[in-house]
Structure formats: structure tokens, C-alpha cells
Amino acid sequence: MRVVIFCDMEGVSCIETWEQVSSGTAIYEECRKLYTDEMNAAVRGARAAGARDVVVVDCHGAGGAHNFKSFVPERLESGAEYIFGHPWARYIEAFEQGCDAILFVGAHAMAGVPDGVLCHTVSSESWHNASINGTLVGESGILAAIAGCWDVPVAFTSGDAATCREVQQLLGTEVVTAQVKKGLGRFSSVNMAPKDACSLIEMRVAQALSLKNWPKPLKFEGPVTFKVELATPDNTRDFINRPGVKIEDARTVTSTAGTFWHAWDQFWYRH
């Protein structure tokens with residue numbers, strides 16, 4: 001069994017401020033350990049369930065030298081491969097080779113969720129809402145839709161209560177969740193002790209992969225339109241003259257293609 005674990009930092013227990021997830025701060029160095037430990041727990045759970053190929057992708061844009069490189073290398077769990085420094089939501093090699101399921105660790109809720117700790121979608125400064133064929137999605141939904149293009153389902157999610165709720169509402173209650181905190185607002189939360197959070201994640205990942213009662217992959221019939229409502233009109237300048245991408249109005253950009261992967265691909269890159 002091959003699984004891919006997509007990891008983010010905002011959904012980790014005891015994290016609720018931007019300083020904790022931004023490279024260059026003293027408290028970020030502290031929180032990198034919390035992040036690494038929750039990911040390690042997921043690796044142990046996957047291995048216990050029989051996964052022989054475990055690929056872990058650091059999806060956290062911390063900025064600076066640690067952009068998509070927030071794990072602490074000397075703390076990494078053995079028995080897995082780790083993807084560092086890769087652009088967000090662009091890693092598809094494991095899907096092309098054949099993948100059984102994906103897992104989310106440290107995930108956060110989409111922009112605008114009242115009880116979503118550090119909630120945002122891709123960019124807390126540049127984006128408001130994102131949707132696929134009219135379905136509102138956060139980062140978990142985007143990653144699920146990419147995996148769905150290769151018929152790969154989401155088996156597990158850890159994060160705050162809002163994130164667990166969001167993923168199950170989009171994909172189905174078959175997704176096994178590990179709620180490690182509950183938001184009291186965007187910048188405060190009730191947290192599990194880190195050791196307890198890691199124990200829960202390890203147990204629930206093993207359960208999810210052993211039972212294999214996974215939801216159907218998230219797929220959208222073509223043509224697929226990815227729409228983003230931007231924060232300000234000047235942000236549309238980045239999308240001028242991109243094939244397949246249309247600036248609909250002062251703050252709305254769409255990308256349309258036969259599959260979501262192609263719509264996502266052309267949204268980000270000039271060809």
C-alpha cells in the first residue's frame with residue numbers, strides 16, 4: 001500500500017498565531033517540533049496499518065529559507081520519504097505511479113470560517129473564496145480534487161474541529177478524523193496536549209488505513225472551472241495572458257479545462 005501524507009502547520013495542536021508558523025521567529029522554531037511530531041505519528045500509524053510506501057509532503061509555506069521545509073530533519077520518523085521545497089499542491093509523482101490513499105495532517109479550515117483556527121485558503125492576504133464547478137473548497141478540497149484526478153481518495157484528516165467538519169461535509173463521513181483542537185476564534189483554541197494529539201493521530205491513521213472504508217475520490221465532470229475571488233483588484237494582474245484563464249471582473253479569476261488538474265495547472269503556470 002502506498003499513501004501520501006500532505007502536511008500543514010496551522011492545524012497542529014497548540015498553534016493559533018501567525019508568528020508560530022512564520023519562518024524567522026523564535027516561537028516558530030519551537031512549533032516546528034510540534035509539527036514534525038504530529039507528522040511522525042501519522043507515519044507510524046500508516047506503517048502499522050501495512051503501508052510499505054509512505055510519502056510525506058511538507059505543504060507549509062513558512063516563508064524564507066523554510067518555505068515548504070518546516071520539518072525538523074533530525075526528528076524525522078524512519079520508514080518514509082519526505083518531499084521538501086516543492087511548490088504547493090504540485091506533487092503528483094506518487095499518483096502517476098499508483099497511490100492508494102492520501103492523508104491530511106495539520107490541516108486548517110477554508111477562509112471565513114468563524115471557528116477555524118488561522119483559517120485561510122492558499123493566501124491569507126490575496127484570496128477570499130475558491131470554488132470548483134460552484135463547490136466552495138479550501139486547501140483540503142483542492143488537494144482532494146487533484147488526487148481525485150488519479151482516482152485517489154482521502155482517508156484521514158487531522159486538525160481543528162472546523163477542518164474535520166469541512167472535510168467530512170465535502171468528502172463524506174467515511175473520512176476518519178483526529179480533532180486535536182477546537183477553535184474559539186481565528187486566533188485562539190482549546191488544545192489537546194501534544195503527546196495526546198500524537199497518540200490520537202497515530203491510532204486514527206492506523207484505523208483509517210486498516211479498515212479501508214474510504215470515501216469515493218473527489219471528481220468533477222469536465223469541463224471543470226476553478227474560480228477564485230481575490231482580495232483586491234491588483235491581484236488579477238498576475239493572471240493576465242495565461243491560456244485558459246479568464247479575468248471575469250475586478251476581483252474574480254477563472255480557469256477552465258477538461259480536468260481539475262489541468263485547470264489548476266494552467267491557473268498557476270504560464271505555458
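For the structure, check the block above.
Below or above, wherever it landed, is the structure these notes cover. (Residues numbered from 1 in each chain as written. Predicted model: local features only at pLDDT ≥ 70, side-chain atom pairs only at ≥ 80, totals over all residues. Heavy atoms only, no water.)

### Comments concerning the sheet that holds strand β4 (residues 101-107)
- Reading across from one edge, β3-β2-β1-β4-β7-β8-β9 is the order of the seven strands in this open sheet, with mixed pairing throughout. On the outer flanks of this sheet lie β3 (81-83) and β9 (188-191), each paired with one strand and no other. The sheet shows a mean angle of 20 degrees between the axes of neighbouring strands, direction not considered.
- Pairing of β4 with strand β7 (residues 154-160) involves four bridges; the strand directions are parallel. Directly across from Ala-107, in β7, lies its bridge partner Gly-159.
- Along the sheet face, helix α4 (residues 161-171) touches β4, β7 and β8 (176-185) and points at about 155 degrees away from the line of β7. (Pairing = 2+ DSSP bridges. Helix = DSSP H or I, 4+ residues; strand = E, 2+ residues; numbered from the N terminus. Axes fitted to C-alpha atoms, helices over the stretch in contact; angles between N-to-C directions. Contact = heavy atoms within 4.5 Å.)

### Observations regarding helix α1 (residues 26-48)
- For α1, which comprises 23 residues, the first-to-last C-alpha distance of 34 Å matches the rise-based estimate of 33 Å (1.5 Å per residue) to within 8%.
- Gly-50 occupies a position one or two residues after α1 and carries a positive phi of about 105 degrees. (Expected span 1.5 Å × (residues − 1).)

### Quick notes on the pairing of strand β5 (residues 127-132)
- Alignment of β5 against strand β10 (residues 224-230), held across four bridges, turns out to be antiparallel. Among the inter-strand pairings, Ile-132 is bridged to a residue of β10, identified as Phe-226.
- Taken together, the two bridges between β5 and strand β6 (residues 135-136) define a ladder with antiparallel strand orientation. Pairing of Ser-131 across the sheet is with Leu-136, part of β6.
- From the end of β5 to the start of β6, which pair antiparallel, there are two residues, and Asn-133 there has a positive phi angle of about 50 degrees.

### Observations regarding unusual backbone geometry
- Cis geometry marks the peptide bond from Gly-222 to Pro-223; its omega dihedral reads 0 degrees.
- Considering the arrangement of structural elements, one finds Pro-223 in the loop between α5 (194-211) and β10.
- The phi dihedral of Lys-212 falls on the positive side, at around 55 degrees, and the residue is not glycine.
- Inspection of the secondary structure assignment puts Lys-212 in the loop between α5 and β10.
- Using a relative accessible area of 52% as the deciding quantity, one classes Lys-212 as exposed. (Buried < 20%, exposed > 50% of the residue type's maximum accessible area, 1.4 Å probe, protein only.)

### So, the packing of aromatic side chains
- In total, this model carries 18 aromatic pairs according to the counting rule given.
- Ring geometry for Trp-88 and Trp-264: centres 5.7 Å apart, planes at 70 degrees, overall edge-to-face. Remark: Trp-264 occurs in helix α6 (residues 260-268) and Trp-88 occurs in the loop between β3 and α2 (93-97); sequence separation between them is 176 residues. This pair shows no difference in class: Trp-88 is buried, exactly as Trp-264 is.
- An aromatic cluster is built from Trp-88, Trp-127, Phe-226, Phe-239, Phe-260, Trp-264, Phe-267 and Trp-268, whose rings are joined through pairwise contacts. (Phe/Tyr/Trp six-rings, centres within 6.5 Å; stacked < 30°, edge-to-face > 60°.)

### Some thoughts on the packing of α1 against α5
- Two elements in contact, α1 and α5, have axes separated by 7 Å at closest approach and are oriented at 30 degrees. Between α1 and α5, the angle is such that the two are roughly parallel. Here α1 and α5 pass one another in a crossing that is right-handed. Contacts from Leu-34, Asp-37, Glu-38, Ala-41, Ala-42, Arg-44, Gly-45 and Ala-46 in α1 reach Pro-194, Ala-197, Cys-198, Ile-201, Glu-202, Val-205, Ala-206 and Leu-209 in α5.
- Looking at the contact of α1 with α5, its residues break down into eleven nonpolar, one polar and four charged. (Parallel < 35°, antiparallel > 145°, perpendicular 65-115°, else oblique. Left-handed = near helix turned anticlockwise from the far one by under 90°. Nonpolar A, V, L, I, M, F, W, Y, C, P; charged D, E, K, R; others polar.)

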